[in-house]
Amino acid sequence: MAVSGEKRLPQTTPASGGMARKLILALFAFLSALLYKQLQPPPPKITGTPGGPPVTATRTRLSDGRHLAYLEFGVSKEKAKYKIIFVHGFDSCRYDALPISKELAQELGIYLVSFDRPGYAESDPHPARTEKSIALDIAELADNLQLGPKFYLIGFSMGGEIMWSCLKYIPHRLSGVAILGPVGNYWWSGIPSNVSWDAWYQQLPQDQWAVWVAHHFPWLTYWWNSQKLFPASSVIAYNPALLSEEDKLLMQKFGIRTYMPQIRQQGEHECLHRDMMVGFGKWDWSPLQLEDPFAGDGQGKVHLWHGAEDLIVPVSLSRYLSEKLPWVVYHELPKAGHLFPIAGGMADVIVKSLLLGDADQ
Ligand SMILES: *[C@@H]1O[C@H](CO)[C@@H](O)[C@H](O)[C@H]1NC(C)=O
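In this text, all values refer to a predicted model and were calculated from it rather than measured experimentally.

(A) View of the layout of surface pockets. In this structure, the largest pocket spans a volume of roughly 640 Å³. In terms of lining, the largest pocket is formed by 42 residues, of which the most central are Phe 90, Ser 157, Val 235, Ile 312 and His 338. At the level of elements, α4 (158-169), α6 (205-216), α8 (245-255) and α11 (316-324) are the ones that each hand at least two residues to the lining of the largest pocket.

See below:
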């Protein structure tokens with residue numbers, strides 16, 4: 001019997017070559033899985049589900065089953081002469097409504113409803129959301145609350161950008177619109193490149209990157225803003241370098257938001273990151289193509305407000321849009337930064353100009 005000396009030395013046989021290839025493949029699969037896991041946002045913790053945050057707000061159910069949480073201010077909608085829907089900005093929620101005074105609400109008969117945008121606080125995430133879907137959500141909210149065929153809209157910051165979507169997709173539902181310090185999309189068609197570059201370079205470099213990633217590689221947005229190698233969006237991180245002189249003073253007031261932990265409680269991806277992916281995404285239309293929604297009735301107006309010292313959202317795009325859209329009533333506030341809507345008395349000034357047409361600002 002052949003007992004010893006039979007063991008073969010390792011050779012480069014087809015079998016062992018296959019082995020190496022398999023190992024490399026396995027390693028590749030492992031690294032891809034690891035990378036994939038890094039790129040994939042964790043599933044949102046949905047409000048009102050086991051393991052998710054509790055429902056504390058009043059909510060309404062949309063036709064696709066999603067819930068929107070909302071908060072009402074002012075007089076009752078039955079008594080109201082004016083009904084306003086407020087749309088909040090980035091990293092905010094229904095509590096961040098325009099702070100109009102009780103006196104003005106009583107005097108003019110104003111009902112204002114503010115809601116958590118999808119994925120924020122207690123409103124269900126909407127992973128398929130687009131710049132159009134939010135306009136349809138707003139119309140459905142108005143219907144569920146029986147606000148009637150027409151209502152006013154006020155949107156701030158990223159909620160301001162959403163006003164353009166509403167002007168495009170639900171103009172027949174609007175009585176008047178106030179757009180406050182709106183975020184702009186650098187890739188909107190019709191914006192001359194010197195204007196968009198001018199706005200672009202007013203952002204901090206890390207925000208240029210965060211916005212660039214959200215536009216070109218939306219599927220990398222979660223990873224970009226959660227990795228630690230490069231600085232992520234400074235807007236997400238509350239960088240004080242983004243505050244103008246006036247904003248620094250206002251931030252003391254704005255900073256104490258007891259409800260802040262609620263805002264991102266379902267996870268950052270479905271609120272913050274998706275806001276960036278949609279807001280800076282690839283739109284197939286531009287606000288520059290919009291027509292005056294009130295051309296026929298001559299009643300309603302679109303007001304656009306922007307602070308000249310806004311360091312969070314550069315004024316350039318608003319300035320350009322207001323030049324090209326003569327039906328937009330433009331109010332540029334020379335000393336204001338981004339947070340002017342919460343400055344003393346400003347909310348009432350904004351609302352009066354919207355409802356009564358006092359354009360003395
Ligand atoms: C862009 O270029 C035009 C035409 O050359 C000029 O009138 C305008 O002031 C420039 N705008 C900015 C923001 O640089």
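Anyway, onward from the coordinates.
(B) Broad picture of empty space enclosed by the protein. Applying the stated criterion to the full structure yields one cavity of 30 Å³ or more. Here the largest cavity defines a volume of roughly 120 Å³. Considering the residues around the largest cavity, the lining is formed by 13 residues, among which Arg 129, Ile 134, Ile 162, Val 278 and Gly 279 are closest to the centre. For the lining of the largest cavity, the elements supplying multiple residues, two or more each, are α4 and α10 (268-279).

(C) Quick look at a nonpolar patch on the surface. Taken together, the side chains of Trp 187, Trp 209, Trp 212, Phe 217 and Trp 219 present a nonpolar region at the surface, about 550 Å² in accessible area. As for its position among the elements, Trp 212 is in helix α6. By relative accessible area, which is 33% here, Trp 212 ends up partly exposed.

(D) Looking closely at the packing of helix α5 (residues 193-200) against α11. Relative orientation of the contacting elements α5 and α11 amounts to 150°, with a least axis distance of 8 Å. Viewed along their axes, α5 and α11 adopt a mutual orientation that is roughly antiparallel. Together, Val 195, Ser 196, Asp 198 and Ala 199 of α5 and Ser 316, Leu 317 and Tyr 320 of α11 make up the contact between the two elements. Residue composition of the contact of α5 with α11, grouped by class: four nonpolar, two polar and one charged.

(E) View of the sheet that holds strand β5 (residues 151-156). Across the sheet, eight strands lie side by side as β1-β2-β4-β3-β5-β6-β7-β8; this open sheet has mixed pairing. At either end of the open sheet lies a strand with only one pairing partner, and these are β1 (58-61) and β8 (328-333). Strand-to-strand twist across the sheet, computed as the mean angle between neighbouring axes with direction ignored, equals 25°. Across six bridges, strand β3 (residues 82-87) lies against strand β4 (residues 110-115) in parallel orientation. For Ile 84, the partnering residue across the bridge sits in β4 and is Leu 112. On top of the sheet, α11 reaches β7 (302-307) and β8; it is set at about 145° to β8, its chief contact.

Conventions we followed
- Residues numbered from 1 in each chain as written.
- Predicted model: local features only at pLDDT ≥ 70, side-chain atom pairs only at ≥ 80, totals over all residues.
- Heavy atoms only, no water.
- 1 Å grid on protein atoms, 1.4 Å probe; cavity = no way out; pocket = protein on both sides within 12 Å on 5 of 7 lines; lining within 4 Å.
- Points joined across faces, edges and corners; volume = space filled by probe spheres on them.
- Helix = DSSP H or I, 4+ residues; strand = E, 2+ residues; numbered from the N terminus.
- Patch = residues over 30% accessible without salt bridge, like charges linked within 9 Å, V, L, I, M, F, W, Y side chains within 5 Å.
- Areas by Shrake-Rupley, 256 points an atom, 1.4 Å probe, with all protein chains shown as cover.
- Salt bridge = Lys/Arg side-chain N within 4 Å of Asp/Glu carboxyl O.
- Buried < 20%, exposed > 50% of the residue type's maximum accessible area, 1.4 Å probe, protein only.
- Axes fitted to C-alpha atoms, helices over the stretch in contact; angles between N-to-C directions.
- Parallel < 35°, antiparallel > 145°, perpendicular 65-115°, else oblique.
- Contact = heavy atoms within 4.5 Å.
- Nonpolar A, V, L, I, M, F, W, Y, C, P; charged D, E, K, R; others polar.
- Pairing = 2+ DSSP bridges.

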